[in-house]
Amino acid sequence: MPDLISAGLDVLFVGINPGLWSAAAGWHFARPGNRFWPALHRGGFTPRLLHPSEQDELPRLGLGITNLVDRASARADELTAAELVAGAQELAGKVARYRPRWVAVVGVTAYRIGFLRPKATFGPQPEPLAGARLWVLPNPSGLNAHYTPQALGATFAELREATRRE
């Protein structure tokens, strides 16, 4: 799955890895039950709800998407800890190269494992990543039943507000 990234983005969203549906479609967060696109809109990042096929609209809004791990899988829990750690290291290189202001990892468990932060929580993180502010969001997968679409949108809105303050 190619990165959707360019220099100087406001926010680089980081998925865990492409799902099989996304890999087949060639679009990030493409599975119909994934709530990334509605949360992005509810959070105030996009002026309207975008379809995954419209992902190329994001850079002009100051947004991009990459993944911690490139390997597609049916479920994120199929990834190994070694893959997540290696992905976090590769992400740091991308962030140093492209210099987004914020990096938003969508998935606290993957963040905890990949960044070796076992007690990390949602929201802003105390340490930057290659000079960018770091934020952890809930996983927008439809498998994450802990968050309603409204609650997920509210967590994205918190990040949006933080990006406006800084």
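Above this text you will find the structure in question.
Residues numbered from 1 in each chain as written. Predicted model: local features only at pLDDT ≥ 70, side-chain atom pairs only at ≥ 80, totals over all residues. Heavy atoms only, no water.

*Asks:* I keep staring at the environment of Leu-20 and nothing clicks. Help me out?
*Replies:* By the secondary structure assignment, Leu-20 is in helix α1 (residues 20-25). Leu-20 sits 55 residues away from Arg-75 along the chain, and the two C-alpha atoms are 8.6 Å apart. With near-sequence residues (within four places) excluded, Leu-20 lies in contact with Ala-72, Ser-73 and Ala-74. (Helix = DSSP H or I, 4+ residues; strand = E, 2+ residues; numbered from the N terminus. Contact = heavy atoms within 4.5 Å.)

*Asks:* Quick question: what am I supposed to make of the pairing of strand β2 (residues 63-67) here?
*Replies:* One face of the sheet, then the other: side chains in a regular strand alternate in exactly this way. Among the five residues that make up β2, five are buried, leaving the element largely enclosed by the rest of the structure. As judged from the five bridges shared by strand β1 (residues 11-15) and β2, these two strands associate in the parallel manner. Across the sheet, the residue bridging to Val-11 is Leu-63, located in β2. (Buried < 20%, exposed > 50% of the residue type's maximum accessible area, 1.4 Å probe, protein only. Pairing = 2+ DSSP bridges.)

*Asks:* Honestly, the sheet that holds strand β5 (residues 133-137) in this entry has me stumped. Any pointers?
*Replies:* Hydrogen bonding along the main chain pairs the strands of a sheet, whether they run parallel or antiparallel. With mixed pairing, five strands are arranged side by side in an open sheet as β2-β1-β3-β5-β4. Where the open sheet ends on each side, the last strands, each with one partner, are β2 and β4 (123-124). Note that β1 and strand β3 (residues 102-106) share four bridges and pair parallel. Opposite Phe-13, over in β3, you have Ala-104 as the bridge partner. Strand contacts of helix α5 (residues 149-165): β1, β3 and β5, with the helix running at about 165° to β5, the strand carrying the most contacts. (Axes fitted to C-alpha atoms, helices over the stretch in contact; angles between N-to-C directions.)

*Asks:* Looking at this model, I keep getting lost on α5. Mind explaining?
*Replies:* Count 3.6 residues to each turn of an α-helix, and residues three or four apart come out pointing the same way. With 17 residues, α5 should reach 24 Å at 1.5 Å per residue; the first-to-last C-alpha distance of 25 Å fits that figure. Taken together, the buried positions of α5 are occupied by Leu-152, Gly-153, Thr-155, Phe-156, Leu-159, Ala-162 and Thr-163. Looking at the buried positions of α5, the neighbouring elements they touch are β1, α2 (36-42), β3 and β5. (Expected span 1.5 Å × (residues − 1).)

*Asks:* Can you help me understand the environment of Ala-39 in this one?
*Replies:* Mapped onto the fold, Ala-39 is located in helix α2. The class of Ala-39 is buried, set by a relative accessible area of 1%. Taking C-alpha positions, Ala-39 is 8.3 Å from Thr-155, a pair spaced 116 residues apart along the chain.

*Asks:* Help me understand the side chain of Ser-22 in this model?
*Replies:* Within the fold, Ser-22 resides in helix α1. By relative accessible area, Ser-22 is classed as buried at 6%. In this structure the side chain of Ser-22 is engaged in a polar contact, spanning 3.3 Å, whose partner is the backbone oxygen of Trp-27. In contact with Ser-22, not counting residues within four places along its chain, are Met-1, Trp-27, His-28, Phe-29, Ala-30 and Arg-31. (Polar contact = N/O pair within 3.5 Å; in protein donor to acceptor, adjacent residues only side chain to side chain.)

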